[in-house]
Amino acid sequence: MIEAALLRTIAACGPGKTLDPAEVARELGGPHPDQWGPLMQPIRRVAVALAEQGRVIILRKGKPVDPRDFKGVYRLAAPRDD
């Protein structure tokens, strides 16, 4: 469920655009932080797994990071085709 939502939302962003993972959490959990907040760690784990498979890119401050070694706020993007 989380993987499908992440991939669908990233694809909908379009090329060159990034996604705040909290958007997916709100989509899945609802508008209140008590609903979507607990989804942030599972979403992060799925994002890391997808990044390790080359299906998404994890960005910090606009730069790609190692999915196994990053901290803090991050965004997601589709891999570039070039």
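For every chain, the first residue of its written sequence is number 1, and the numbers climb from 1 along that sequence. For this predicted model, a pLDDT threshold of at least 70 governs which residues receive local features, and a threshold of 80 or more governs which side-chain atom pairs are given and counted, while totals over whole chains, interfaces and linings are taken from all residues. Water and hydrogen atoms play no part in the side-chain values, which are based on all heavy atoms of the structure.

Colleague: Would you take a moment to explain the side chain of arginine 44 for this structure?
Modeller: Assignment of secondary structure puts arginine 44 in helix H4 (residues 40-52). When a residue's accessible area, from a 1.4 Å probe over protein chains only, is under 20% of the maximum for its type it is buried; when over 50% it is exposed; and in between it is partly exposed. None of His or the chain ends enter the tally, which takes Lys and Arg as positive and Asp and Glu as negative. Counted as salt bridges are all cases of a side-chain nitrogen of Lys or Arg within 4 Å of a carboxyl oxygen of Asp or Glu. Of the buried charged residues, arginine 44 lacks a salt bridge, with aspartate 69 as the closest side chain of opposite charge at 8.7 Å. Contacts were defined at the residue level, with two residues in contact if any of their heavy atoms lie within 4.5 Å. Among all residues touching arginine 44, those that are not within four sequence positions of it are Phe70, Lys71, Gly72 and Tyr74. Strands are runs of DSSP state E lasting at least two residues, helices are runs of H or I lasting at least four, and both sets are numbered from the N terminus onward.

Colleague: Please clarify how the packing of aromatic side chains should be interpreted in this entry.
Modeller: For any pair of aromatic rings, geometry is given as the distance between the ring centres together with the angle between the planes. Only rings of Phe, Tyr and Trp enter the pairing, Trp through its six-membered ring, and a pair is recorded when the two centres are within 6.5 Å. The plane angle decides the type: under 30 degrees is stacked, over 60 is edge-to-face, the rest tilted. For the coordinates displayed, the defined rule picks out one aromatic pair. For a ring to carry a charge above it, either NZ of a lysine or CZ of an arginine must fall within 6 Å of the ring centroid while also lying within 35 degrees of the normal to the ring plane. Against the face of tryptophan 36 rests arginine 26, its NZ or CZ located 4.9 Å from the ring centre.

Colleague: Got a minute to help me understand the environment of aspartate 20 in this structure?
Modeller: Tracing the backbone shows aspartate 20 in the loop between strand E1 (18-19) and helix H2 (21-29). For the pair formed by aspartate 20 and arginine 55, sequence separation is 35 residues and the distance between their alpha carbons is 16 Å. There is a polar contact of 2.9 Å between the side chain of aspartate 20 and the backbone nitrogen of alanine 22. Polar contact is defined as a pair of N or O atoms within 3.5 Å, subject to the rule that within protein one atom must be able to donate a hydrogen and the other to accept it, and that residues adjacent in sequence are counted only when both atoms are side-chain atoms.

Colleague: It is not clear to me how the sheet that holds E1 should be interpreted in this structure. Could you clarify?
Modeller: Within a sheet, each strand pairs with its neighbour through backbone hydrogen bonds, oriented either parallel or antiparallel. Pairing between strands is defined by DSSP: at least two bridges between the two strands are required. One open sheet accounts for four strands, arranged E1-E4-E2-E3; its pairing is antiparallel. Pairing within the sheet leaves two strands with one partner each, and these edge strands are E1 and strand E3 (63-64). Here two bridges tie E1 to strand E4 (residues 75-77), and the two strands are oriented antiparallel to one another. Bridging from a neighbouring strand, threonine 18 pairs with alanine 77 of E4.

Colleague: I tried to follow the packing of helix H1 (residues 2-13) against H2 on my own but got confused; where do I start?
Modeller: Two numbers describe a pair of packed helices, the interaxial angle and the distance between the axes. Orientation is described by lines fitted to C-alpha atoms, with helices fitted over the stretch in contact, and by angles between N-to-C directions that extend from 0 to 180 degrees. Put simply, H1 and H2 touch, their axes get as near as 10 Å, and they point 125° apart. One finds that H1 runs oblique with respect to H2. Handedness of the H1/H2 crossing: right-handed. Along its contact with H1, which presents Ile2, Ala5, Leu6, Arg8 and Thr9, the element H2 presents Val24, Glu27 and Leu28. Note that Gly is not counted as nonpolar here; it falls among the polar residues with everything else outside the nonpolar set of Ala, Val, Leu, Ile, Met, Phe, Trp, Tyr, Cys and Pro and the charged set of Asp, Glu, Lys and Arg. Looking at the contact of H1 with H2 residue by residue, the classes come out as five nonpolar, one polar and two charged. Oblique is the label for any angle not under 35 degrees, not over 145, and not in the 65 to 115 range, which are roughly parallel, roughly antiparallel and roughly perpendicular in turn. Each crossing gets its handedness from the near helix: less than a right angle anticlockwise from the far helix is left-handed, clockwise is right-handed.

That is the geometry; function is a separate question.
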